[in-house]
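Remarks on the overall topology
Below are the chains, spelled out letter by letter.
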Amino acid sequence: MKPAFNDASARQHAGEPSPVRHRNGHRHDRPRSPDLTEVALQIAGLANRSTQDLRVAWRQLHRTGPPLGLSRDLLIRALANQLQEQSYGGVSRVLRRRLQSLAGASENGTMAVDPGLVLKTGTILVRQWRGHTHTVLVHNNGFEHEGERYRSLTAIAERITEAHWSGPRFFGLTKRAGTSVGLKAGR
């Protein structure tokens, strides 16, 4: 257990917020970045703590116990991440919303391709396979091939080839090492 600190500078050094207002008048503004070695030492110290101490630290941080079955290694990693976020700042609100959106789309099965690749509704993908031309219509919540709806291009590629294929790669939507997507030079 840490001793109680009455001195504001000692409280700030211990990682607690300072009640002193900063230059622009807000006490919650971040002070300068802490010394890298200080954070590294705190993280290294996690490995020396008992599993029970790590669980107590988790409860203090999240106001609930750690998930059942969470390994000691993951517990240490999660706490280390929190130390880094407290010291250097976390992800931006924009990135957090984007990640939540991608997670929701993945759970709903609506994310069908690489999140960096966005196919507009109405796009038609064409692929020749063994003498037969296959066309796929992109919908806002999936794909249509030969009158049937699919959640992913991979499901369509597997149906066409009768083997496991990456759908985006089958339809030429990904880059291969050393090549670029689009028109070749000289054409």
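What comes next is a walk through the structure. Once a new chain begins, its residue numbering starts again from 1 and follows that chain's sequence as written. Thresholds applied to this predicted model are a pLDDT of at least 70 for local features of residues and 80 or more for the giving and counting of side-chain atom pairs; totals over whole chains, interfaces and linings are not thresholded and use all residues. The side-chain values count all of the structure's non-hydrogen atoms but skip hydrogen atoms and water molecules.

A separate point is the pattern of salt bridges. Pairs can form between side chains of opposite charge once their charged atoms are near each other. Criterion for a salt bridge: a side-chain nitrogen of Lys or Arg within 4 Å of a carboxyl oxygen of Asp or Glu. Under the defined criterion, the tally for this structure stands at three salt bridges. Across the salt bridge formed by Arg 159 and Glu 146, the nearest N and O atoms sit 3.9 Å from each other. One end of the pair, Arg 159, is in helix H6 (residues 153-161); the other, Glu 146, is in the loop between strand E3 (142-145) and strand E4 (148-150), and 13 residues separate them in sequence. By sharing partners, the salt bridges in this structure join Glu 146, Glu 148 and Arg 159 into a single network. In DSSP terms, a helix is any run of H or I states spanning at least four residues, a strand is any run of E spanning at least two, and both are numbered starting from the N terminus.

What follows deals with the nonpolar core. By nonpolar core is meant a set of buried Ala, Val, Leu, Ile, Met, Phe, Trp, Tyr and Cys residues that side-chain atoms within 4.5 Å join together. Burial classification: accessible surface area is computed with a 1.4 Å probe over protein chains only, and a residue below 20% of its type maximum counts as buried, one above 50% as exposed, and the rest as partly exposed. Formed by 13 residues in total, the largest nonpolar core has its most connected members in Leu 125, Val 136, Leu 153, Ile 156 and Phe 171. When contributions to this core are tallied by element, the ones reaching two or more residues are strand E1 (124-129), strand E2 (132-139) and H6. The element contributing the most residues to this core is H6, with four residues. Contact between two residues is taken to exist if any of their heavy atoms lie within 4.5 Å; hydrogens are not considered. When residues no more than four places from it in sequence are discounted, the contact partners of Ile 156 are Val 136, Phe 143, His 145, Tyr 150 and Phe 171. If you look at the next biggest cluster of nonpolar residues, it comprises nine residues, including Ala 57, Ile 76, Leu 79 and Ala 80.

Note that every value here comes from positions in space, so none of it alone points to a role or purpose.
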